[in-house]
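# Close look at the chain arrangement
Given next are the chains, with one letter for each unit.
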Amino acid sequence: QLQLQESGPGLVKPSETLSLTCTVSGGSISSSTYYWGWIRQPPGKGLEWIGNIYYRGNTYYNPSLKSRVTISVDTSKNQFSLKLTSLTAADTAVYYCARDNGGYGFDPWGQGTLVTVSS
Amino acid sequence: QSALTQPPSASGSPGQSVTISCTGTSRDVGNYNYVSWYQQHPGKAPKLMIFEVSKRPSGVPDRFSGSKSGNTASLTVSGLQAEDEADYYCSSYAGSNNLIFGGGTKVTVL
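Here is a short report on the structure shown in this document. Predicted model only: the values in this text are computed from it and were never measured.

### Some remarks on the overall build of chain A
The number of helices and strands found in chain A is zero helices and eleven strands. Walking chain A from its N terminus toward its C terminus, one meets helices and strands in the order β-β-β-β-β-β-β-β-β-β-β. Computed over C-alpha atoms, the radius of gyration of chain A comes to 13 Å, within 12% of the 14 Å expected from 2.2 N^0.38 for 119 residues, which places it in the range of a compact globule. Structurally, chain A occupies a C-alpha span of about 40 × 25 × 25 Å along its principal axes. For chain A, with 119 residues in total, the buried portion stands at 48%. Of the contacts made within chain A by residues no fewer than 6 positions apart, 53% connect residues no fewer than 24 positions apart.

Written as structure tokens, this is what we have:
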């Protein structure tokens, strides 16, 4: 059974860079069928797609975040990662990683990790 | 790209049906068959219920169905059960490798 697990700091200071990693278990990140994505959800609010990556490194980003986002993949570790720069309080959210079935349907999801941006 | 429009809330009694709408534009919902629906219980990660407008992942009850007409997609939950009480989100491919979500609908089982 495929499982995803986010890891990273829970508290980051404004203007700094957030780094999160998603570890995939129970399956290979190098599957030709799937993409891998990051989605976030501010407390009490809706979902926002951040971006996707293919195991070969092809990336697609939300235009509203593109200037601050980098997603990378490490197939040797079965992991993919998110970097988000120039953080503000508006970036406070639960960050989820998930597998994209190729048609922008995300399944399964990680449990999510709350990231708070505060000094 | 604006978010898709969903009603803030919907409700129904056990056994009844409830339908949630997701309205976009001709640049997203109306132009692609990549509409998905997610169920989210409080404090939990979203769960995929429908993808590509009307397809159900393995394990999702057939009480859940999806459809699309023009720029509006819909999720119908038939035979409402207490466990269906949750937030529901739609998403749609919006072209140029971009994905947008709806604002979410809280479904209450009366």
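### Thoughts on the interface of chain B and chain A
In this assembly, 19 residues from chain B lie in contact with 21 residues from chain A. Between chain B and chain A lies a buried interface of about 1,600 Å² when both sides are counted; carbon and sulfur atoms form 62% of it. Area buried by chain B at its contact with chain A is led by N97, L99 and F101 of chain B, which between them contribute 33% of it. Remark: the boundary between chain B and chain A carries zero salt bridges.

### With respect to the environment of Q16 of chain B
Residue and element names in this part refer to chain B. In this structure, Q16 sits in the loop between β1 (9–12) and β2 (18–23). The class for Q16 is partly exposed, based on a relative accessible area of 43%. When the C-alpha atoms of Q16 and L80 are compared, they prove to be 5.4 Å apart, with 64 residues separating the residues in sequence. Apart from residues no more than four positions distant in its own chain, Q16 is found in contact with V77, S78, G79 and L80.

### Observations regarding the sheet that holds strand β1 (residues 3–7) of chain A
Residues and elements named next belong to chain A. Taken in spatial order, the four strands line up as β1-β3-β8-β7 in an open sheet, and their pairing is antiparallel. Two strands close off the open sheet at either side, each with one partner strand: β1 and β7 (69–74). Averaged over all pairs of adjacent strands, the angle between their axes in this sheet comes to 20 degrees, without regard to strand direction. Strand direction decides the pairing type here: strand β3 (residues 18–25) and strand β8 (residues 79–84), joined by six bridges, are antiparallel. From the neighbouring strand, T23 faces β8, where its bridge partner is Q79.

### What to know about the packing of aromatic side chains
Residue and element names in this part refer to chain A. Counting across every chain of the model gives 14 aromatic pairs over all chains. Here W36 and F80 contribute two aromatic rings whose centre-to-centre distance is 6.0 Å and whose plane-to-plane angle is 45 degrees, an arrangement assigned as tilted. Of this pair, W36 sits in strand β4 (residues 35–41) while F80 sits in strand β8; the two residues are 44 residues apart in sequence, bridging distant segments of the chain. The two residues W36 and F80 agree in class, both being buried.

### Topic: the sheet that holds strand β6 (residues 72–77) of chain B
Residues and elements named next belong to chain B. Ordered by their spatial adjacency, three strands build an open sheet running β2-β6-β5, and the pairing between neighbours is antiparallel. With partners counted over all chains shown, the strands left at the sheet margins are β2 and β5 (64–69), one partner each. Neighbouring strand axes in the sheet, compared pairwise and without regard to direction, differ in orientation by 20 degrees on average. Sheet topology note: the β5/β6 ladder contains six bridges and is antiparallel. Bridged to K68 within β6 is A73.

### What about unusual backbone geometry?
Residues and elements named next belong to chain A. Residue P108 is bonded to the preceding D107 through a cis peptide linkage, with omega at -5 degrees. You can see P108 is positioned in strand β10 (residues 106–109). Phi is positive for N78, close to 55 degrees, though the residue is something other than glycine. Mapping N78 onto the fold places it in the loop between β7 and β8.

Rules of the game
- Residues numbered from 1 in each chain as written.
- Chains lettered and ligands numbered in written order.
- Predicted model: local features only at pLDDT ≥ 70, side-chain atom pairs only at ≥ 80, totals over all residues.
- Heavy atoms only, no water.
- Helix = DSSP H or I, 4+ residues; strand = E, 2+ residues; numbered from the N terminus.
- Rg over C-alpha atoms; globule rule 2.2 N^0.38 Å.
- Buried < 20%, exposed > 50% of the residue type's maximum accessible area, 1.4 Å probe, protein only.
- Contact = heavy atoms within 4.5 Å.
- Buried area = accessible area lost by both parts, 1.4 Å probe.
- Salt bridge = Lys/Arg side-chain N within 4 Å of Asp/Glu carboxyl O.
- Pairing = 2+ DSSP bridges.
- Axes fitted to C-alpha atoms, helices over the stretch in contact; angles between N-to-C directions.
- Phe/Tyr/Trp six-rings, centres within 6.5 Å; stacked < 30°, edge-to-face > 60°.

Keep in mind these numbers describe shape, not what the thing actually does.
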